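Remarks on the overall topology
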Amino acid sequence: MSKNKIRLQKLTAGAMMAALSIILERVISLMPASNMMDIRISLSNVPLILAGILVSPLVGGIAGVVSDIVGCFISGYAPFPILTLAPFVMGFLPGFIIKNNTKTFLRLFVAIIVTHILSSVLITTFGLSVMRGVAFIPMLLTRLPSMGINLVIDLVLVYLLLKTPISKIR
């Protein structure tokens, strides 16, 4: 295969994962009615994690940034740079941790937990606390249950999707 064809395939895969992340975040997500602390159960991290692992860490990170910025405009929000960093990390870090090594459950478990702690727990909660003018610790405590649910969902879905034969297609 030529280099241009490989680049086009990576670009296409990254764009599809970004689009899927936008759909899962903006259309298929659960949020409480009075959502002052930005609690959300969503599947939107799964395509970003898969892009980072299956395509490349950089493509996963870029897919995260694109999905956040486009999703903000679709929802009528202005992008907030601290919050845009979180989906970049969500797409980049799992692919960086796993690289081309064997995708065992333990390695995937460590990669997703480290990524969630850095992205969801620290970066997103800090960004939301700055944006909303709320103290970090109270926001963190209210967000922890939903972050735990998202972590389990992401881990199970990514593991199952990586075990399917379609993940062998590159």
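Use the structure listed above.
A few points on the structure. For clarity, every value in this text was computed on a predicted model and none was experimentally measured.

Another aspect to go through is the nonpolar core. Grouped together as the largest cluster of nonpolar side chains are 14 residues, with contacts concentrated most on I49, L50, I53, L108, I112, V158 and L162. Among the elements of the structure, α2 (45–55), α4 (81–98), α5 (105–132) and α6 (136–163) are those that each provide at least two residues to this core. Here this core takes five residues from α2, the largest share from any one element.

Once that is clear, we can look at a nonpolar patch on the surface. A contiguous nonpolar patch, built from L58, I62, V66, V70 and I74 and spanning about 420 Å² of accessible area, is present on the exposed surface. Structurally, the position occupied by V70 is in helix α3 (residues 57–75). Using a relative accessible area of 36% as the deciding quantity, one classes V70 as partly exposed.

This part takes up the packing of aromatic side chains. Under the definition given, this model contains four aromatic pairs. Seen in terms of ring centroids, F92 and F96 are 5.5 Å apart; in terms of plane orientation they differ by 15°. Their pairing is stacked. Of this pair, F92 and F96 both sit in helix α4, separated by four residues, roughly a single helical turn. Taken together, the ring pairs in this structure connect F88, F92 and F96 into an aromatic cluster.

This brings us to the environment of I28. Of note, I28 is situated in the loop between α1 (3–26) and β1 (29–30). By relative accessible area, I28 is classed as partly exposed at 47%. Placed 15 residues apart in sequence, I28 and L43 show a C-alpha to C-alpha distance of 7.7 Å.

With respect to the element layout, S56 can be found in the loop between α2 and α3. Within the local environment of S56, its side chain forms a polar contact with the backbone nitrogen of V59, the two atoms lying 3.1 Å apart.

Mapped onto the secondary structure, N45 falls in helix α2. Residue classification places N45 among the buried positions, given a relative accessible area of 15%. If near-sequence neighbours (up to four positions away) are discounted, N45 is found in contact with M90, H116 and D154.

Conventions we followed
- Residues numbered from 1 in each chain as written.
- Predicted model: local features only at pLDDT ≥ 70, side-chain atom pairs only at ≥ 80, totals over all residues.
- Heavy atoms only, no water.
- Core = buried A, V, L, I, M, F, W, Y, C linked by side-chain atoms within 4.5 Å.
- Buried < 20%, exposed > 50% of the residue type's maximum accessible area, 1.4 Å probe, protein only.
- Helix = DSSP H or I, 4+ residues; strand = E, 2+ residues; numbered from the N terminus.
- Patch = residues over 30% accessible without salt bridge, like charges linked within 9 Å, V, L, I, M, F, W, Y side chains within 5 Å.
- Areas by Shrake-Rupley, 256 points an atom, 1.4 Å probe, with all protein chains shown as cover.
- Salt bridge = Lys/Arg side-chain N within 4 Å of Asp/Glu carboxyl O.
- Phe/Tyr/Trp six-rings, centres within 6.5 Å; stacked < 30°, edge-to-face > 60°.
- Polar contact = N/O pair within 3.5 Å; in protein donor to acceptor, adjacent residues only side chain to side chain.
- Contact = heavy atoms within 4.5 Å.

Structural measurements only, silent on function.
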